[in-house]
Each structure stands twice: as C-alpha cells, then as structure tokens.
Amino acid sequence: MEQILEFSRNNPILIIALLAIMGMIVFTETKRLSRRYQNLPPAQAVRAMNEEGSLILDVRENAEVRDGRIKGAKHIPLKELKTRLNDLSKYKDKSVVVYCRSGNRSAQACEILTSNEFEKVVNLHGGMMAWQANNMPVSKK
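Residues numbered from 1 in each chain as written. Predicted model: local features only at pLDDT ≥ 70, side-chain atom pairs only at ≥ 80, totals over all residues. Heavy atoms only, no water.

A few words now on the pairing of strand E4 (residues 95–99). Along a regular strand, successive side chains alternate from one face of the sheet to the other. In terms of residue burial, E4 counts as a mostly covered element, since 5 of its 5 residues are buried. On E4, burial covers both faces: Ser95, Val97 and Tyr99 on one face and Val96 and Val98 on the other are all buried. In this sheet, E4 lies alongside strand E2 (residues 55–58) in parallel orientation, the contact comprising 4 bridges. Across the sheet, the residue bridging to Leu55 is Val96, located in E4. The β-α-β motif built from E4, the intervening helix H6 (residues 104–115) and the parallel element strand E5 (residues 120–124) has right-handed crossover chirality. (Buried < 20%, exposed > 50% of the residue type's maximum accessible area, 1.4 Å probe, protein only. Helix = DSSP H or I, 4+ residues; strand = E, 2+ residues; numbered from the N terminus. Pairing = 2+ DSSP bridges. Right-handed = clockwise from strand over helix to strand, strands pointing away.)

Pasting the structure below:
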C-alpha cells in the first residue's frame, strides 16, 4: 500500500490520466446500458426489416444516397428528422431500422426516435459500410 501512495505522489499525471480513462469507460458503459434501442449487425437487422409494417430509415445526406441505398428505405437526412417526425408517426409501434454511412448519425437518429416514443428502434451497426461489407443488396434507384 505504501508503494502505491509513493507512486501516486511521484506520478500525479499518470494517476489523473488513469482516473480520466476509468471515468470515460464508466460513462460509455452506462450510456450503452441505458440506451432504448437495439444496435444490430446487418444479418440480425434484416430480421427487423422483414417484420410486417417495418420501416427502413436512411438518415444520410442527399449526396451519399446517390451511391446506393437499402431497397425500400425512406430517406430523411438527420438534420431534417426532428421536423419530419409526423411523417413517421404511423411507425411508432412498428420496427424502425435506421442506418447511415457508418452508424454514428443513425445512433443519434435512434435517440431522437426513442425520445419521441418510438418503441422498436434498431440501429444498423456499422451502417451502410457494414451492409456492403456483408455483401447485402444495394439499390441504385
């Protein structure tokens, strides 16, 4: 115990860095455990997409959509999502699978949807990049 105290006194920057990293880990894990949506890889997200009445929501920018999208997806850029929630109100009790390019913007969209009482929200983990990496079909239309 004495050695730990001596080390702490001699290396305060290392101790502060350790405490900061531990704090970030606790914050990240708490946020992950308290989220109200599922984060699924492409193969599992397909099951949610196949549920009757489900919605596939593309929150990428217009330029990104031109490169292709998941067939049947409704496109609403993330920056417009809050103002267009009424367009999605009939899906509040249905599965909503949200994707973007890498999964970060879609996670933000999932937070918006769950905070507006959407019940079955799924984030496509890895986004369109993971979808294409798994050789899933992409529509250019």
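The space that makes up the largest pocket amounts to roughly 260 Å³. Lining the largest pocket are 17 residues, with Lys31, Arg32, Arg35, Tyr37 and Ala107 positioned closest to its centre. Contributing elements (two or more residues each) for the lining of the largest pocket: helix H2 (12–34) and H6. Per element, the largest residue contribution to the lining of the largest pocket is 5 residues, and it comes from H2. Class assignment for the residues of the lining of the largest pocket results in 3 nonpolar, 9 polar and 5 charged. (1 Å grid on protein atoms, 1.4 Å probe; cavity = no way out; pocket = protein on both sides within 12 Å on 5 of 7 lines; lining within 4 Å. Points joined across faces, edges and corners; volume = space filled by probe spheres on them. Nonpolar A, V, L, I, M, F, W, Y, C, P; charged D, E, K, R; others polar.)

Turning to its location among the elements, Phe27 is positioned in helix H2. Phe27 gets classed as exposed once you look at its relative accessible area, which sits at 56%. Residues Phe27 and His75, spaced 48 residues apart in sequence, show a C-alpha to C-alpha distance of 32 Å.

Before going further, it helps to spend a moment on unusual backbone geometry. Backbone geometry places Glu117, a non-glycine residue, at a positive phi of 70°. Checked against the element boundaries, Glu117 lands in the loop between H6 and E5. Classification of Glu117 as exposed rests on a relative accessible area of 61%.

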